[in-house]
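Structure at a glance
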Amino acid sequence: MKKNIGNKVALYPTPVVVIGAEVNEKVTWTLVAHVGIVAHDRILISLFSKHYINKGITESKKKSVNIVTEDWLESAAYCGSISGEKADKSNVFEYTIGENGTPVIKESKLTM
């Protein structure tokens, strides 16, 4: 069933992703519901300026984008419900360090 949402700049639904980065030499994760491809070499993610993970992304200019699947939705939701400043989220997912130096969730079927 199609639904006309009117004259809006919107593409819904967007994939839910977990962003990975290092802050103060420790891996952290956060859940993001607004992400999109802006160009062939650019990904846009929408993060409130006070998110803890922003410090690591700003300093290193690196992040991983891991597409969430239903299998690990509960863990992803946890990462979006508590700040990395208040809780160590480094062990929420089994991860490896990707070729650009960012933490990548091993069970993610698609990572950027």
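Everything below is about the structure shown above.
These lines cover the structure that appears in this document, whether it is placed above or below.

Reading the values: the criteria
In this convention, every chain numbers its residues from 1, walking through the sequence in written order. Residue-level local features of this predicted model are given only where pLDDT is at least 70; pairs of side-chain atoms are given and counted only at 80 or more, and the full residue set underlies all totals for whole chains, interfaces and linings. Remark: hydrogens and water are excluded; side-chain values derive from all non-hydrogen atoms of the structure. Geometry of aromatic contacts follows a simple scheme: Phe, Tyr and Trp rings, the Trp one being its six-membered ring, pair when their centres are within 6.5 Å, and the pair is stacked under 30 degrees between planes, edge-to-face over 60, tilted otherwise. Counting from the N terminus, the helices are the DSSP runs of H or I reaching at least four residues and the strands are the DSSP runs of E reaching at least two. Only buried residues count toward a nonpolar core, which is a set of Ala, Val, Leu, Ile, Met, Phe, Trp, Tyr and Cys residues joined through side-chain atoms within 4.5 Å. Relative accessibility decides the category of a residue: with a 1.4 Å probe and only protein chains considered, values under 20% of the type maximum give buried, values over 50% give exposed, and everything between is partly exposed. Contacts between residues were defined by any pair of non-hydrogen atoms, one from each residue, lying within 4.5 Å. Any carboxyl oxygen of Asp or Glu that lies within 4 Å of a side-chain nitrogen of Lys or Arg is treated as forming a salt bridge with it.

**Points about the packing of aromatic side chains**
Following the criterion strictly, the structure yields three aromatic pairs and no others. Between W29 and Y95, the ring centres sit 5.8 Å apart and the planes meet at 70°, which makes this aromatic pair edge-to-face. With W29 in strand β2 (residues 26–32) and Y95 in strand β6 (residues 95–97), this pair connects stretches of sequence that are 66 residues apart. Aromatic pair W72 and F93: ring centres 5.1 Å apart, planes at 80°, arrangement edge-to-face.

**Here's the deal with the nonpolar core**
Counting ten residues, the largest nonpolar core is built from V17, I19, A21, V32, V35, I45, I53, I57, V65 and I67. Looking at this core, the elements that each hand over two or more residues are β1 (17–23), α1 (53–60) and β5 (64–67). Ranked by the residues each element gives to this core, the list is headed by β1, at three residues. Of all hydrophobic cores here, the second largest spans nine residues; its members include W29, V68, C79 and I105.

**With respect to the environment of V18**
Tracing the sequence through the fold places V18 in strand β1. Put simply, V18 and Y52 are 34 residues apart on the chain and 14 Å apart in space, counted from C-alpha to C-alpha. Not counting residues up to four positions away in its chain, the partners in contact with V18 are W29, T30, L31, S64, V65, N66, V68, W72, A76, F93 and I105.

**Comments concerning the pattern of salt bridges**
Side chains that differ in sign of charge can pair as their charged atoms come close. By the definition in use, this model includes three salt bridges. Of the charged contacts, one joins D41 and R42 as a salt bridge, the two residues approaching to 3.3 Å between their closest N and O atoms. In this structure D41 comes out as exposed when scored by relative accessible area, which is 56%. The partner of E94 in a salt bridge is K106, and the shortest N-O contact between them spans 3.3 Å. Here E94 is found in the loop between α2 (73–81) and β6, whereas its partner K106 is found in the segment after β7 (103–105), with twelve residues between them in sequence. Here E94 falls in the exposed class, since its relative accessible area comes to 55%.

**Topic: unusual backbone geometry**
Non-glycine residue N24 carries a positive phi angle of around 55°. Within the secondary structure layout, N24 lies in the loop between β1 and β2. If you check the backbone angles, E25 has positive phi at about 65° while not being a glycine. Mapping E25 onto the fold places it in the loop between β1 and β2.

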